[in-house]
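Take a look at the letters that make up each chain.
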Protein chains: 2
Amino acid sequence: MRIVLDAMGGDHAPSAVVEGALRAAGEWPDTEFLLLGVEDVLQEEGPANLRFRRVSESIDPGEEPVKAVRRKRDSSIVVGCRMVREGEADAFISAGNTGALMTAGLLMTGRLPGIDRPALAPVFPTINGDGVLVLDVGANPEAKPQHLEQYALMGHIVAEKVMGIFKPRIGLLNNGTEAGKGTALTKAAYEHLGKLPIHFIGNVEARDALYGICDVLVCDGFSGNILLKTTEGVAKAIFDRLKEEFTRTTVNKLAAAVLKPGLKRFAQSMDYKEHGGAPLLGLRGPVIKAHGSSDARAIFNAVGQAHMFVTHDVINQISDKLGNLERD
Amino acid sequence: MRIVLDAMGGDHAPSAVVEGALRAAGEWPDTEFLLLGVEDVLQEEGPANLRFRRVSESIDPGEEPVKAVRRKRDSSIVVGCRMVREGEADAFISAGNTGALMTAGLLMTGRLPGIDRPALAPVFPTINGDGVLVLDVGANPEAKPQHLEQYALMGHIVAEKVMGIFKPRIGLLNNGTEAGKGTALTKAAYEHLGKLPIHFIGNVEARDALYGICDVLVCDGFSGNILLKTTEGVAKAIFDRLKEEFTRTTVNKLAAAVLKPGLKRFAQSMDYKEHGGAPLLGLRGPVIKAHGSSDARAIFNAVGQAHMFVTHDVINQISDKLGNLERD
């Protein structure tokens with residue numbers, strides 16, 4: 001197996017990517033790892049299964065995705081996505097420009113037959129610690145019912161194969177739990193999802209998803225993006241205010257020190273970096289978006305996720321399932 | 001001024017409503033308060049400005065809204081909304097069935113000329129304590145650009161008159177801050193909002209709204225509902241887990257006791273009940289939805305809000321502004 005990593009992407013690149021890759025190379029000695037970067041980032045002799053390949057350019061976080069992907073053909077993001085398409089890599093991981101990765105995934109890696117639009121599919125933390133796979137969170141803001149149908153099928157396979165869930169519960173994000181709730185899109189999607197060979201549990205409200213009511217939550221990319229950014233925003237706002245409260249007086253500091261280990265564990269369990277990156281589902285190979293603020297641990301977790309995708313042959317399983325659906 | 005309250009609505013009805021109304025009657029001795037209920041809830045002699053009127057029925061929380069409103073013509077929700085329409089009440093407050101209140105508002109109170117769809121407009125807590133008025137959070141899941149335009153104008157007036165904000169900053173909820181982001185709806189709305197006589201600050205992401213980047217956040221009812229329920233869900237999940245952590249061991253309990261007053265203040269500031277209820281904007285009179293779990297304090301705050309609406313003549317201001325816009 002060969003996993004390629006973008007050494008140029010993310011707030012802590014290249015150090016976090018290099019460190020994460022080094023740990024991964026030790027964990028999976030039979031897997032070859034390749035770092036793509038403008039300057040050689042492997043300053044000292046690394047393990048034999050970790051190598052470096054030079055690219056001539058990189059895409060900045062602020063760049064307009066479509067233009068950047070079209071112009072920078074030898075950037076780490078474009079090269080990585082192309083390597084997956086051409087079978088030179090079994091998976092590609094980047095913490096760089098999300099839009100550029102989605103565009104390069106679409107244009108370079110290419111869609112699977114039967115997939116109209118790929119979906120960005122991170123695992124959100126839930127209160128019970130299991131996590132819920134949410135798709136789409138922004139690859140396709142204006143979804144149609146058949147897109148949501150494809151998301152449901154892909155989510156089913158990833159939950160089963162990568163998350164190891166038997167008969168995963170698939171929910172549809174909606175503004176109420178009753179059938180017939182929502183917009184024209186969710187009403188039509190509800191009908192479609194009910195007919196699929198999956199365990200569809202119906203409409204799910206955002207707050208219940210966080211309590212682990214389903215394993216996979218299907219939504220259009222616009223709503224999913226609101227869900228993602230609200231979750232991040234509320235959690236950050238609360239933790240910021242807690243930190244303030246915990247350091248306000250000396251007595252508070254002492255009391256907070258007692259509670260710290262437990263709170264740290266809790267904050268970590270709420271941190272989606274623990275669950276790896278967000279795969280772009282529906283492409284011809286695994287392309288995984290790691291969070292922009294990824295540290296070495298987050299990169300390592302994303303590699304673990306990529307490893308699961310390849311080991312369990314998720315892409316072919318998606319392809320087969322969609323093929324069967326079309327034949328039915 | 002006469003403010004009517006639904007004594008039948010909410011998880012803690014009638015006691016929370018009665019207690020809230022009693023406090024309000026003391027606070028505003030020149031205002032007449034009327035409680036609508038099936039059984040007389042004013043067991044003892046109350047203040048002279050608080051009275052009771054019997055209705056023959058009530059709408060349950062689980063009832064299908066449109067059917068319930070059509071059939072139960074003498075329910076507290078229908079009677080309250082009709083009293084506003086007929087000038088017998090200056091404002092109506094209910095913590096009951098949200099869908100039924102929206103339906104009765106539409107059918108009984110009626111829309112203002114120039115308003116296609118009313119909007120449910122609560123104030124969300126922000127980290128700086130100011131709060132942000134969000135509309136719509138679910139009265140109209142499938143909005144058109146002109147609806148969002150009307151929301152922006154109504155939000156502007158409420159922020160100015162009720163929240164007392166000079167030149168309120170109006171933002172459009174979107175999946176990115178750049179112009180041209182989002183769906184066909186948000187792209188068109190961006191153009192419309194830019195032309196209005198308001199201080200439009202452009203696209204706003206969910207996480208930034210919680211940090212107080214704008215005073216009014218405009219969105220379609222489906223997205224607003226996701227935003228509302230995610231905010232509620234994440235906050236509840238975190239506070240639940242904190243409580244668990246704070247009571248896990250005796251030492252933790254002691255440490256938590258030190259931090260308790262500060263955390264309680266913080267939790268209160270995050271509690272949207274502090275900001276009153278959610279007005280249904282765009283009707284011919286103020287109809288306010290109090291949260292289903294309202295306690296006496298929440299009801300009292302909703303009365304304060306209704307009082308501001310009437311004192312500042314918000315409905316006529318909305319009507320004038322929309323009339324001017326149509327003449328322009």
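Worth saying up front: this structure is predicted, and the values here are computed from it rather than measured. (Residues numbered from 1 in each chain as written. Chains lettered and ligands numbered in written order. Predicted model: local features only at pLDDT ≥ 70, side-chain atom pairs only at ≥ 80, totals over all residues. Heavy atoms only, no water.)

Right, let's talk about the overall build of chain A for a bit. Regarding its fold elements, chain A presents 11 helices and 12 strands. Principal-axis analysis of the C-alpha atoms gives chain A an extent of 65 × 60 × 35 Å. Expressed as a percentage of the 328 residues in chain A, the buried residues total 57%. Considering only contacts within chain A whose residues lie at least 6 apart along the sequence, 68% involve residues at least 24 apart. Total accessible area on chain A is roughly 13400 Å²; 49% of this is exposed by carbon and sulfur atoms. Taken as two groups, the 37 positive and 41 negative side-chain charges of chain A have centres that lie 4 Å from each other. (Helix = DSSP H or I, 4+ residues; strand = E, 2+ residues; numbered from the N terminus. Buried < 20%, exposed > 50% of the residue type's maximum accessible area, 1.4 Å probe, protein only. Contact = heavy atoms within 4.5 Å. Areas by Shrake-Rupley, 256 points an atom, 1.4 Å probe, with all protein chains shown as cover. Lys, Arg positive; Asp, Glu negative; His and termini not counted. Charge placed at Lys NZ, Arg CZ, Asp CG, Glu CD.)

Among the structural elements, P61 of chain A can be located in the loop between β3 (50-54) and α2 (65-71). Through-space distance from the C-alpha of P61 of chain A to that of A184 of chain A is 35 Å; in sequence the pair is 123 residues apart.

This next bit is on the side chain of E149 of chain B. Residue and element names in this part refer to chain B. As for its position among the elements, E149 is in helix α5 (residues 145-161). In this structure E149 is buried but unpaired, with K195 as the nearest side chain of opposite charge at 8.3 Å. In terms of polar contacts, E149 uses its side chain to reach the side chain of H192, at 3.1 Å. (Salt bridge = Lys/Arg side-chain N within 4 Å of Asp/Glu carboxyl O. Polar contact = N/O pair within 3.5 Å; in protein donor to acceptor, adjacent residues only side chain to side chain.)

Right, let's talk about the sheet that holds strand β6 (residues 123-124) of chain A for a bit. Residue and element names in this part refer to chain A. Taken in spatial order, the 5 strands make up an open sheet running β6-β7-β10-β8-β9, and their pairing is mixed. Edge positions in the sheet fall to β6 and β9 (199-204), since each has one partner strand and no second. Taken together, the 3 bridges between strand β8 (residues 169-173) and strand β10 (residues 216-218) define a ladder with parallel strand orientation. Within β10, the position partnered with I170 by the bridge is V216. Strands in contact with helix α5 (residues 145-161) are β7 (132-135), β8 and β10; relative to β10, the strand with the most contacts, it is inclined by about 170 degrees. (Pairing = 2+ DSSP bridges. Axes fitted to C-alpha atoms, helices over the stretch in contact; angles between N-to-C directions.)

What follows covers the relation of the copies chain B and chain A. Overlaying chain B on chain A yields an RMSD of 0.0 Å, the required transformation being a rotation through 180 degrees with an accompanying axial translation of 0.0 Å. One copy is carried onto the other by what is essentially a two-fold rotation axis. Closest approach to the rotation axis within chain B is made by the C-alpha atom of A255 of chain B, at a distance of 2.2 Å. Most of the interface of chain B is mirrored in chain A, where 100% of its interface residues again form contacts. (Least-squares fit on C-alpha atoms with pLDDT ≥ 70 in both.)

A few words now on the interface of chain B and chain A. Taken together, the contact pairs 51 residues of chain B with 51 residues of chain A. Buried area between chain B and chain A, summed over both chains or domains, comes out near 4500 Å², and the portion from carbon and sulfur atoms is 71%. Considering only the surface of chain B that becomes buried against chain A, F222, K229 and R241 of chain B emerge as the three largest contributors, covering 14% of it. In this structure, the connection of chain B to chain A is made through 4 salt bridges. The salt bridge involving K229 of chain A is made with E205 of chain B; its shortest N-O contact spans 2.2 Å. In this structure, the connection of chain B to chain A is made through 12 residue pairs in polar contact (both at pLDDT 80 or more). Looking at the side of chain B that touches chain A, the elements with two or more residues in it are α6 (184-194), α7 (206-209), α8 (221-246) and α9 (250-269) of chain B. In terms of residues, the side of chain B that touches chain A owes the most to one element, α8 of chain B, which gives 21 residues. (Buried area = accessible area lost by both parts, 1.4 Å probe.)

Once that is clear, we can look at the pattern of salt bridges. Where charged atoms of side chains with opposite charge meet at close range, the side chains can pair. For the structure shown, the criterion picks out 24 salt bridges over all chains. With a shortest N-O distance of 2.9 Å, D215 of chain A and R169 of chain A are connected by a salt bridge. Of this pair, D215 of chain A sits in the loop between α7 (206-209) and β10 while R169 of chain A sits in strand β8; the two residues are 46 residues apart in sequence, bridging distant segments of the chain. The buried category is assigned to D215 of chain A, whose relative accessible area is 8%. Since its relative accessible area comes to 28%, R169 of chain A is described here as partly exposed. Here the salt bridges share partners, and the residues they tie into one network are E205 and R207 of chain A together with K229 and E232 of chain B.

Residues and elements named next belong to chain A. Packing of helix α1 (residues 15-27) against helix α10 (residues 296-311) leaves a shortest axis separation of 7 Å and a crossing angle of 45 degrees. On the basis of their axis angle, the class for α1 and α10 is oblique. For the pair α1 and α10, the sense of crossing is right-handed. Of α10, the residues touching α1 (which contributes A16, V17, E19, G20, A21, R23, A24 and E27) are A296, R297, I299, F300 and V303. Residues belonging to the contact of α1 with α10 are distributed by class as follows: 8 nonpolar, 1 polar and 4 charged. (Parallel < 35°, antiparallel > 145°, perpendicular 65-115°, else oblique. Left-handed = near helix turned anticlockwise from the far one by under 90°. Nonpolar A, V, L, I, M, F, W, Y, C, P; charged D, E, K, R; others polar.)

Bringing the sheet that holds strand β11 (residues 278-281) of chain A into the picture now. Residue and element names in this part refer to chain A. Read across the open sheet, the 7 strands follow the order β3-β2-β1-β4-β12-β11-β5; overall the sheet is mixed. Looking at strand neighbours, the two that pair on one side only are β3 and β5 (119-120), the edges of this open sheet. Pairing of strand β4 (residues 91-94) with strand β12 (residues 287-289) involves 3 bridges; the strand directions are parallel. Across the sheet, F92 pairs through a bridge with V287, a residue of β12.

For the rest of this paragraph, the subject is the domain arrangement of chain A. Residues and elements named next belong to chain A. The domains assigned to chain A are domain 1 (1-110 + 282-313) and domain 2 (116-281). Here the C-alpha centroids of domain 1 and domain 2 sit 24 Å apart. Residue-level contacts link 22 residues of domain 1 with 20 residues of domain 2. The largest per-residue losses of area from domain 1 upon contact with domain 2 belong to M102, G282 and F309, which jointly make up 28% of the total buried on that side. Counting across the domain 1 and domain 2 interface gives 0 salt bridges. Of all the elements, α10 adds the most residues to the side of domain 1 that touches domain 2, at 7 residues. Residue composition of the side of domain 1 that touches domain 2, grouped by class: 11 nonpolar, 8 polar and 3 charged. (Domains from an automatic or database assignment.)

This part is about the nonpolar core. Counting residues in hydrophobic clusters, the biggest one holds 79 residues, and the most contacted among them are L217 of chain A together with L217 of chain B. Apart from residues no more than four positions distant in its own chain, L217 of chain B is found in contact with V132, L133, V134, L135, G171, L172, L173, V204, A209 and L227 of chain B. (Core = buried A, V, L, I, M, F, W, Y, C linked by side-chain atoms within 4.5 Å.)

Right, let's get into the packing of α5 of chain A against helix α6 (residues 184-194) of chain A. Residues and elements named next belong to chain A. The interhelical angle for the contact between α5 and α6, taken along N-to-C directions, is 45 degrees, at an axis separation of 8 Å. Accordingly, the angle class assigned to the pair α5 and α6 is oblique. Remark: the crossing between α5 and α6 carries right-handed chirality. Side by side, α5 and α6 meet where P145, L148, E149 and A152 of the first sit next to L185, A188, A189, H192 and L193 of the second.

It is worth spelling out unusual backbone geometry at this point. Residues and elements named next belong to chain A. Omega for the bond connecting A13 with P14 falls within 30 degrees of zero, at -5 degrees, which places this linkage in the cis form. Relative to the helices and strands, P14 resides in the loop between β1 (2-6) and α1. Positive phi outside glycine occurs at D313, with the angle close to 55 degrees. Within the secondary structure layout, D313 lies in the loop between α10 and α11 (314-327).

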